Amino acid sequence: MKNLYLSLLLLCFINSIAQNDSIKHFSYNPDAGLQYKKNDFQWTTWAFAERLFSPNQLPVWRRARQGMEFQLPSYPFKINGNKYRSTVFYEVDFTDNNFFQDSKRFKILENLFVTFQNTNDPNKFRILFGENTSILSREDNLSSGNLPTINRSLILEQHGNTNSFGTQWGFQIQSQISKKTFLQASMQDNRGSLNQDQPNFQFWNALAIKITQALIQPNDKSVEKLNIGFAIDHTRNINNKSFTLLSAINNENLGNTSATGNKLTFENNADYTNKIGSHYYTLEYEAIYSNYSNQNLNVSGGYGQIQFQVFENTKMGDLVPFVRYDLVTLNNQIENATEQALRLGVNYNLPFTNKLINFHVEYAHHSLKGSQTTITTLQNQFDEFRFGIRVNATRYLRF
């Protein structure tokens, strides 16, 4: 806890310095954090914390993260008319080892990588080496400080028990191959790395590729956009792991079955954003299927979600409710299980806070059925409720 407070105090101190006009190279970007720019060099730092409360549970820190990015000066050459630079990036989460009270200190590292990328737009081209989020899932690559829900989808969180998805060690490459087409590929371990008790660093252990197509792009006359993505991943040598069913909000263990060997995963996602009058809304879904070879275990599921902006202004704040449906099914020759969750919630950016302080309420109703050898809970239907406060150095944006 002390380390978190020191980090936040340091951030506030630096921010107060940045307000001094005599230090002209400092500035505050509400969508990036505190920045220092001089010539072609840029340094950015940010932090956020999320505290959860519940009527029948003790308060907990869900996330408490701090990160930095160093954009080094561009190289003195051009390739096809484009300039390139390297960046150094890290992000830590102090909750990973209970603020240094548990386990190993390196477990706080969520991201740690270096890049070679297009100077003006890394989406056009970037090569990355180190610890970064697996490219496969769209939702996994949404900012942890900007999620609509407390936890990501059931299918993602449950894959995490085999250490798939999340941050992994290895190489990534991304390139915009046309105006509307974005391609990514990776060689990463995909069995968990720096923030695990037993990290793995064989970056050749898993291969993944993803293509994202912008079917509709926003312009000066419309905010409408539609993206669709497809991905595939093959991960080898998963040992001593179980696929664990979890609850949507409290991450309670509901049952498990062995999941080892080689994993083949397919992913599909889409998101659509538009307006009704002056009110934004977003529709999105993601579907994932995996097979674990040793047990011939098939796991499939995903989520569908709608968010709608009721109002947004300085005096009243920013209110966005959401409705979400999650599904997970698993089966092999002797076991099967199906879990469903209906999640309802509200995200409210408090007035006069520039969207830096967010109040979150979430409810989930679960339905569970399947083999008694897989499901360990005695409840076939149950509910969860939690609310939380997010404090961020960057704005909490839903659209």
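Look up: the structure comes first, before these words.
If you're wondering where the values come from, they're calculated on a predicted model, not measured in any experiment.

Draft legend 1. Structural context of the overall build of the chain. Looking only at helices and strands, the chain features 2 helices and 22 strands. The C-alpha atoms of the chain give 21 Å as radius of gyration, which agrees with the globular expectation for 399 residues (21 Å, within 12%). Considering only C-alpha atoms, the chain reaches an extent of 70 × 50 × 50 Å along its principal axes. Counting all 399 residues of the chain, 47% fall into the buried class. Put simply, 60% of the contacts in the chain that link residues at least 6 apart link residues at least 24 apart. About 18900 Å² of surface is accessible on the chain, with carbon and sulfur atoms providing 56% of the total.

Draft legend 2. Examining the pairing of strand β9 (residues 167-176) more closely. The sheet contact formed by strand β8 (residues 125-133) and β9 spans 9 bridges and is antiparallel. Its bridge partner being in β9, F129 is matched across the sheet by F171. Taken together, the 7 bridges between β9 and strand β10 (residues 181-188) define a ladder with antiparallel strand orientation. Directly across from Q172, in β10, lies its bridge partner S186.

Draft legend 3. Geometry of the packing of aromatic side chains. Applying the stated criterion to the full structure yields 22 aromatic pairs. Ring plane angle 20° and centroid distance 5.6 Å describe the contact between F53 and F387, whose orientation is recorded as stacked. In this pair, F53 is assigned in strand β3 (residues 41-54) and F387 in strand β22 (residues 381-392), connecting sequence segments 334 residues apart. A residue is classified by how much of its surface remains accessible, and F53, at 27% relative accessible area, is partly exposed. Looking at F387, the relative accessible area reads 28%, which means it is partly exposed. K263 extends its terminal NZ or CZ atom over the ring of F165, reaching a point 5.7 Å from the ring centre.

Draft legend 4. Representation of unusual backbone geometry in the model. Positive phi, normally seen in glycine, also occurs at N39, with a value near 55°. Along the chain, N39 turns up in the loop between β2 (33-38) and β3. Accessibility expressed as a relative area gives 80% for N39, which makes it exposed.

Draft legend 5. Representation of the nonpolar core. If you look at the biggest cluster of nonpolar residues, it comprises 27 residues, and the most contacted ones within it are F243, L245, Y292, L297, V299 and L330. Taken together, the elements giving at least two residues each to this core come down to α2 (154-159), β12 (225-238), β13 (242-246), β16 (279-292), β17 (297-308), β19 (317-331), β20 (336-349) and β21 (357-370). For this core, the element with the highest residue contribution is α2, accounting for 3 residues. Listed in part, the 9 residues of the second largest apolar core include A49, F94, I108 and L194.

Draft legend 6. Quick peek at the pairing of β22. Here β22 shows one buried face, formed by F382, E384, R386, G388, R390 and N392, and one open face, formed by Q381, D383, F385, F387, I389 and V391. One ladder, built from 6 bridges, connects β3 with β22; its direction is antiparallel. Paired with A49 across the two strands is V391, which belongs to β22. With 11 bridges joining them, β21 and β22 adopt antiparallel strand pairing. Across the sheet, residue A364 finds its bridge partner in β22, namely E384.

Draft legend 7. Region of the structure containing the pattern of salt bridges. Tallied over the full model, the rule gives 19 salt bridges. The residue R85 makes a salt bridge to D40 at a minimum N-O spacing of 2.8 Å. Remark: D40 occurs in the loop between β2 and β3 and R85 occurs in strand β6 (residues 82-93); sequence separation between them is 45 residues. Assessed through its relative accessible area of 5%, R85 is described here as buried. E284 is the partner of R138 in a salt bridge, and the nearest nitrogen-oxygen pair spans 3.0 Å. Of this pair, R138 sits in the loop between β8 and α2 while E284 sits in strand β16; the two residues are 146 residues apart in sequence, bridging distant segments of the chain. Each member of the salt-bridge network shares a partner with another, and the members are E139, R324, D326, R343 and E362.

Draft legend 8. Quick look at the side chain of D271. Positionally, D271 belongs in strand β15 (residues 261-276). A polar contact is formed between the side chain of D271 and the side chain of R138, at a distance of 3.3 Å. If sequence neighbours within four positions are ignored, D271 has contacts with R138, K225, L226, N227, L283 and E284.

Draft legend 9. Representation of the environment of A32 in the model. As for its position among the elements, A32 is in the loop between β1 (26-29) and β2. Sequence separation between A32 and I375 is 343 residues; the distance between their C-alpha atoms is 43 Å. If sequence neighbours within four positions are ignored, A32 has contacts with T44, T45, W46 and T394.

Draft legend 10. Up close: the environment of R51. When you line up the elements, R51 lands in strand β3. Assessed through its relative accessible area of 24%, R51 is described here as partly exposed. Between the C-alpha atom of R51 and that of I127, which follows or precedes it by 76 residues, the distance is 35 Å. Not counting the four nearest positions on each side in its chain, R51 is found in contact with P59, V60, W61, F387, G388 and I389.

How each quantity is defined
Residues numbered from 1 in each chain as written. Predicted model: local features only at pLDDT ≥ 70, side-chain atom pairs only at ≥ 80, totals over all residues. Heavy atoms only, no water. Helix = DSSP H or I, 4+ residues; strand = E, 2+ residues; numbered from the N terminus. Rg over C-alpha atoms; globule rule 2.2 N^0.38 Å. Buried < 20%, exposed > 50% of the residue type's maximum accessible area, 1.4 Å probe, protein only. Contact = heavy atoms within 4.5 Å. Areas by Shrake-Rupley, 256 points an atom, 1.4 Å probe, with all protein chains shown as cover. Pairing = 2+ DSSP bridges. Phe/Tyr/Trp six-rings, centres within 6.5 Å; stacked < 30°, edge-to-face > 60°. Lys NZ or Arg CZ within 6 Å of the ring centre and 35° of its normal. Core = buried A, V, L, I, M, F, W, Y, C linked by side-chain atoms within 4.5 Å. Salt bridge = Lys/Arg side-chain N within 4 Å of Asp/Glu carboxyl O. Polar contact = N/O pair within 3.5 Å; in protein donor to acceptor, adjacent residues only side chain to side chain.

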